[in-house]
Amino acid sequence: IRSSDGSFSHVNSQVKNGLVVWYITQLKSLIDLAPDDYQLRLNSVRFMYDVGLYDDALENAEKCLEAMGTDQWRDPKKFSKCHTYQLMAHLYGKRSMFQHAIGLYEQANDELDSYGLDVCYTGIVQAYFNNRHYNRALKYHKMSLDIKQRVQNPDEVAKASIAETYNSMGNICRVRGELSDASWCLKKS
């Protein structure tokens with residue numbers, strides 16, 4: 001049914017809605033058969049998020065955390081609690097529940113490597129920015145930038161990520177009316 005660009009644009013909305021309902025029903029049936037399969041549950045969370053079913057996605061994310069238990073926290077071969085916390089935080093951010101989002105990002109911070117910390121810091125920046133707490137957003141941007149700049153021999157992706165951080169910092173400075181700082185950050189990007 002997908003078009004060459006991967007979208008369903010040529011399918012009418014009634015058919016799309018029917019496909020979404022059918023797919024969610026199938027996911028729920030699979031989850032009922034394997035309630036402890038947190039990977040399946042986490043995939044359902046992503047799908048529900050993608051189609052805008054935020055409440056269902058949050059409910060499944062919470063059940064996903066329960067299914068994981070404590071023993072899988074450090075298992076690198078499986079989805080981590082951190083990833084689930086990040087996804088839940090993003091969902092709360094979409095619902096404008098920024099304090100919940102920030103709390104979940106901070107919970108996820110506890111067990112992260114530097115890449116994971118950077119991802120969490122970026123999420124915290126978004127939540128604080130959306131909540132108009134620009135000083136806090138800049139604080140976490142600087143922490144993220146510190147992690148990115150410590151990478152030895154950064155590849156092009158890392159360099160682009162540093163540039164994106166400076167660009168975002170410049171935009172925050174611009175919103176705050178600090179045009180000389182904004183200009184400096186944008187030049188660095």
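Presented here is an overview of the structure given in this document. What you see is a predicted model; the values in this text were computed from it and never measured.

A few words on the pattern of salt bridges. Tallied over the full model, the rule gives one salt bridge. Put simply, Arg 176 and Glu 178 hold a salt bridge, and the shortest N to O gap is 2.7 Å. Here Glu 178 falls in the partly exposed class, since its relative accessible area comes to 25%.

Next up on the list: the side chain of Ser 161. Within the fold, Ser 161 resides in helix H8 (residues 156–175). A distance of 3.1 Å separates a polar atom in the side chain of Ser 161 from a polar atom in the side chain of Lys 148. If we ignore the near neighbours within four places in the chain, the residues touching Ser 161 are Asp 118 and Lys 148.

Another point: the environment of Tyr 134. Counting through the fold element by element, Tyr 134 comes out in helix H7 (residues 134–149). With 35 residues separating them along the chain, Tyr 134 and Met 169 place their C-alpha atoms 9.6 Å apart. Beyond its immediate stretch of four places on either side in the chain, Tyr 134 contacts Phe 129, Ile 172, Val 175 and Arg 176.

Our focus in this paragraph is H7. Owing to its 3.6 residues per turn, the α-helix aligns residues three or four sequence positions apart on the same side. End to end, H7 covers 22 Å across 16 residues, agreeing with the expected 22 Å (1.5 Å per residue, within 8%). Inspection of H7 places Tyr 134, Ala 137, Leu 138, Tyr 140, His 141, Ser 144, Leu 145, Ile 147 and Lys 148 among the buried residues, and these make up the whole buried set.

Look at Arg 132: it is not a glycine, yet its phi comes out positive at around 65°. When you line up the elements, Arg 132 lands in the loop between helix H6 (114–130) and H7. The class for Arg 132 is exposed, based on a relative accessible area of 64%.

Turning next to the environment of Arg 174. Mapped onto the elements, Arg 174 comes out in helix H8. A C-alpha to C-alpha distance of 9.9 Å links Arg 174 and Cys 185, two positions eleven residues apart in sequence. Look past the residues within four positions of Arg 174 in its chain and what remains in contact with it is Leu 179 and Ala 182.

Time to look at the packing of aromatic side chains. Using the criterion set out here, one finds five aromatic pairs in the structure. One aromatic cluster is present, formed by Tyr 121, Tyr 128 and Tyr 140 through successive ring pairs.

The rules behind the values
- Residues numbered from 1 in each chain as written.
- Predicted model: local features only at pLDDT ≥ 70, side-chain atom pairs only at ≥ 80, totals over all residues.
- Heavy atoms only, no water.
- Salt bridge = Lys/Arg side-chain N within 4 Å of Asp/Glu carboxyl O.
- Buried < 20%, exposed > 50% of the residue type's maximum accessible area, 1.4 Å probe, protein only.
- Helix = DSSP H or I, 4+ residues; strand = E, 2+ residues; numbered from the N terminus.
- Polar contact = N/O pair within 3.5 Å; in protein donor to acceptor, adjacent residues only side chain to side chain.
- Contact = heavy atoms within 4.5 Å.
- Expected span 1.5 Å × (residues − 1).
- Phe/Tyr/Trp six-rings, centres within 6.5 Å; stacked < 30°, edge-to-face > 60°.

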